[in-house]
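Tertiary structure, described
Chain by chain, the residues run as shown.
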Amino acid sequence: MFALAKSLLALSAVIVTHAYFSPARANGLTDLAHLHAGQAALAPIGWAQFCSDNPTECAPRPTTRLAANLNDARWAELVEVNLRFNKTIQPVTDLDQFGVIERWTYATTGKGDCEDYVLEKRRELLRRGWPLSALLITVVIDREGGGHAVLTVVTDRGEFVLDNQIDKILPWSRSGLTFIRRQSPANQNEWQDLGRILGRPDVVTASITPLR
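So, here is what we can say about the structure in this document. (Residues numbered from 1 in each chain as written. Predicted model: local features only at pLDDT ≥ 70, side-chain atom pairs only at ≥ 80, totals over all residues. Heavy atoms only, no water.)

Turning next to the packing of aromatic side chains. Summed over all chains, the structure comprises 7 aromatic pairs. Judged by centre distance (6.4 Å) and plane angle (70 degrees), the rings of Trp47 and Trp104 are edge-to-face. Separated by 57 residues along the polypeptide, Trp47 in helix H2 (residues 45-53) and Trp104 in the loop between helix H4 (94-98) and strand E3 (111-112) bring together distant segments of the chain. Both residues of the pair, Trp47 and Trp104, count as buried. Seen from their ring centres, Trp172 and Phe179 are 5.8 Å apart, and the 90 degrees between their planes marks the pair as edge-to-face. Neither residue differs from the other here; Trp172 and Phe179 are each classed as buried. Taken together through their ring pairs, the aromatic side chains of Trp47, Phe50, Trp104, Tyr106 and Trp191 make up a single cluster. Its end group placed over the ring of Trp130, Arg74 keeps NZ or CZ at 4.6 Å from the ring centre. The ring of Phe98 carries the charged tip of Arg103 above its face, separated from the ring centre by 4.4 Å. (Phe/Tyr/Trp six-rings, centres within 6.5 Å; stacked < 30°, edge-to-face > 60°. Helix = DSSP H or I, 4+ residues; strand = E, 2+ residues; numbered from the N terminus. Buried < 20%, exposed > 50% of the residue type's maximum accessible area, 1.4 Å probe, protein only. Lys NZ or Arg CZ within 6 Å of the ring centre and 35° of its normal.)

Here it is as structure tokens:
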């Protein structure tokens, strides 16, 4: 049993080293508090459509910070905003609501799918003074194997996931999601590949604990 556990740990370390890090950016396993993006990726079609419908929302903005400072008050804000929109927006597909397979928009009707939850949470946190560079729309595969979108919040205490499928805010490494691509912290209109990084404790060999 000990030998098997040791072998699995070694295999996990290899997976982590090759899948998550480039030599210039990784200093050790504690770096798993943060996702590390790879090459540039195409923006989702829904983001291009959202920007066409809301050009002022997608206007280039100067970025001076890459992470938000996380304290008790900021954590309480994340919890409150995530729970509020999870409870007040009625889940419905774009096909049922708009007659199209994909449409990114604010949930002005009180209904929406995953991207609409993300956009509302992002807008509210921006209104409260959170830096744009810390609020990254992220495309993932959910726990059931379906396409999904969440808001990844980049902080000095790690990266946390705001997800309409669950109310609890988890660090990315405990989320159970597979991370595909997300916005660049430097430019919201540029997207970066995440290389199908698995946010699962049985794959990740180091973890972080949320503040609450």
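Let us look at the environment of Val161. Structurally, Val161 can be placed in strand E6 (residues 158-162). Separated by 10 residues in sequence, Val161 and Leu151 have C-alpha atoms that sit 5.8 Å apart. Those residues within four positions of Val161 in sequence are excluded, and the remaining contacts are Val150, Leu151, Ile169, Leu170, Trp172, Ser175, Leu177 and Phe179. (Contact = heavy atoms within 4.5 Å.)

Looking now at the sheet that holds strand E4 (residues 135-141). Where strands meet in a sheet, backbone hydrogen bonds hold them as pairs that are either parallel or antiparallel. Ordered by their spatial adjacency, 7 strands build an open sheet running E1-E9-E8-E4-E5-E6-E7, and the pairing between neighbours is antiparallel. The two strands at the open ends of the sheet, each matched to only one other strand, are strand E1 (40-41) and strand E7 (170-171). Relative to the sheet, H2 contacts E4, strand E8 (178-184) and strand E9 (187-198), its axis offset from that of E9 by approximately 160 degrees. (Pairing = 2+ DSSP bridges. Axes fitted to C-alpha atoms, helices over the stretch in contact; angles between N-to-C directions.)

Tracing the chain through its elements places Arg182 in strand E8. According to the relative accessible area criterion, Arg182 is buried, its value standing at 4%. Polar contacts involving the side chain of Arg182 include one to the side chain of Glu159, which spans 2.7 Å. Contacts of Arg182, omitting those with residues within four sequence positions, involve Leu35, Leu136, Ile137, Thr138, Thr152, Val154, Glu159, Glu190, Trp191, Gln192 and Leu194. (Polar contact = N/O pair within 3.5 Å; in protein donor to acceptor, adjacent residues only side chain to side chain.)

At Arg196, a position not held by glycine, the phi torsion is positive, near 55 degrees. Residue placement: Arg196 occurs in strand E9. For Arg196, a relative accessible area of 54% puts it in the exposed group.

Another aspect to go through is the pairing of strand E5 (residues 147-155). The buried fraction of E5 amounts to 8 of the 9 residues, a majority that puts the element mostly inside the structure. Here E4 runs beside E5; their pairing, made up of 7 bridges, is antiparallel. Within E5, the residue paired with Ile141 across the bridge is Gly147. What sits between the antiparallel neighbours E4 and E5 is a turn of 5 residues, in which Gly145 has the positive phi angle 90 degrees. Across 5 bridges, the pairing between E5 and E6 is antiparallel. Following the sheet pairing, Leu151 is matched in E6 by Leu162. In textbook terms, the turn of a hairpin is the stretch between consecutive antiparallel strands, and for E5 and E6 this stretch comprises 2 residues.

Distances and angles like these do not, on their own, reveal function.
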